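Here is how the chains run, residue by residue.
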Amino acid sequence: MDNPIHDSHHIPSTAAWLAEGQSSQRDMLDSLQALKDQSTTPFSIIASHRHNRPEIFEFADKVYYEPFDTTANTDKKSDAEPVIPRWKFVLEHACQNHTKVLLTGRNNIAYEEHREEFDAAGIRLLTGATSVDALKTIDDKFAFMQQCHQHDIPVAHAWRFDNIAELKDLLAEHDHQPLCIKPVTGIFAQGFWQLDSGQETGKQYDSFEHLYFTEEKRISTAQFINAYTHSLMLEERPIPMLLMPYLPGQEYSIDVVCEYGEVLAAVTRYKTGKIQHIGYEQSVMDVVIPLIQAFGCDGIVSVQTKADENGQHRVLEINSRPSGGIGYTTHSGVDLTQIGFAYWLGLTEKPKLADIAQQIIPCQVRAVMTGVKIEESTTE
């Protein structure tokens, strides 16, 4: 479906496609429109999504509705099988539109399984890595941490448990230190809790305070054990979890443009209250650069790190897709979306990390909520 807002008289010879993402698709499309306006080489911008998302589609020249894939764990199941798999639907329409670059965002493993088909069509496929095994390892936080240890990359420690007996054994061994819990797989801090054992003098929260100030993601160890033990949800659908030391230092989010394990551009961010501090912290990048190389990351990804009690930055995870805050980087004078796509579309030479780092102007950003008017018939 063509978008008349961005219609033009000429037909661009190539296109960039952003498939369904998590939370940054709109901001990235906006950046691509700005890049297109600045470019002397015409190209079109395509967006796709399973749902009707006019607030996303308004920044695309052409939009497609992706088929629901009943085999994907990110989709709700329906009674009917899709007429065509999502990856094949996207590939066919990408070929028709002379797409040169495709960023998958969500459902990256389904696309990665068919990398050869995209390569044969001359499409630069960006899934976050270049193999299914790498993407699966990145998604499995326990396997991910084990591989970091193998590459001597500073990483948070973690112990896996699959039942209450294993959790109690781990607590008996490690409860002398601040601890936290999170699932082996998951996004958006889902399932993360800091455990309060009551051993921290003057810092213990009472049981109601845990429930009242939920944004602190803190719960007493006894309450967690009780909830975990009596969970019907876990009985029906077991969820592998990790017990980890709680790192007390500064947490960083790092947005990274990378190619086959090489960092081409990056911006570091940390948060105090509601304020995002944007810049380029070399001590953080000293951990990120070998990490990206070790996992062969490819595309636009995000990394989370946190400092331990000695100030050593330790890796928490890689998200094999752009972060929801990648749009914040534009305020530093460096737009990572534009840098990556300008290169992959052949509009610029290969970026050099050292040059990009020099262009970053440190700044502070506050995210604000805004509204977008949509048609009354829209239900998503």
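Residues numbered from 1 in each chain as written. Predicted model: local features only at pLDDT ≥ 70, side-chain atom pairs only at ≥ 80, totals over all residues. Heavy atoms only, no water.

1. Here we look at the overall build of the protein
A tally of helices and strands in the protein yields 14 helices and 16 strands. Among the 380 residues that make up the protein, the fraction classed as buried is 51%. Of all intrachain contacts in the protein linking residues separated by at least 6 positions in sequence, the fraction that spans at least 24 positions is 65%. (Helix = DSSP H or I, 4+ residues; strand = E, 2+ residues; numbered from the N terminus. Buried < 20%, exposed > 50% of the residue type's maximum accessible area, 1.4 Å probe, protein only. Contact = heavy atoms within 4.5 Å.)

2. Quick word on the pairing of strand S10 (residues 241-245)
Remember that side chains alternate between the two faces of the sheet whenever the strand is regular. Counting buried positions along S10 yields five of five residues, so the element is predominantly enclosed. Residues Met241, Leu243 and Pro245 point to one face of S10 and Leu242 and Met244 to the other, with burial holding for every one of them. Here strand S6 (residues 159-161) pairs with S10 via three bridges, running antiparallel. For Arg160, the partnering residue across the bridge sits in S10 and is Leu242. When strand S7 (residues 179-183) meets S10, the two strands line up antiparallel, connected through five bridges. When the bridges of S10 are listed, Pro183 appears paired with Met241. (Pairing = 2+ DSSP bridges.)

3. Things to note about the confidence of the model for the protein
Residue-level pLDDT values for the protein average 89, and 89% of them are 70 or greater. A low-confidence stretch, residues 70-78 (pLDDT under 50), is modelled with 14 contacts involving residues beyond four sequence positions or located in other chains. (pLDDT = per-residue confidence, 0-100.)

4. Here's the deal with the pattern of salt bridges
Under the counting rule described, the total for this entry stands at 15 salt bridges. For Glu112, the salt bridge identified is with Arg115, shortest N-O distance 2.7 Å. Taken as a pair, Glu112 and Arg115 share a single burial class, namely buried. Where Glu317 meets Lys141, a salt bridge forms, and the shortest distance between an N and an O atom there is 3.5 Å. You can see Glu317 sitting in strand S15 (residues 313-319) and its partner Lys141 sitting in helix H7 (residues 141-150), a full 176 residues away along the chain. (Salt bridge = Lys/Arg side-chain N within 4 Å of Asp/Glu carboxyl O.)

5. Some points on the sheet that holds strand S3 (residues 62-65)
With parallel pairing, the five strands of this open sheet are ordered in space as S3-S2-S1-S4-S5. Because the sheet does not close on itself, it has two edges, and the strands there are S3 and strand S5 (124-126). Along the sheet, successive strands turn relative to each other by an average axial angle of 15 degrees, direction set aside. (Axes fitted to C-alpha atoms, helices over the stretch in contact; angles between N-to-C directions.)

6. Considering the environment of Pro362
Checked against the element boundaries, Pro362 lands in the loop between helix H14 (353-359) and strand S16 (363-366). For Pro362, a relative accessible area of 64% translates into the label exposed. Setting aside anything within four residues of it in sequence, one finds Pro362 in contact with Ile278 and Gly279.

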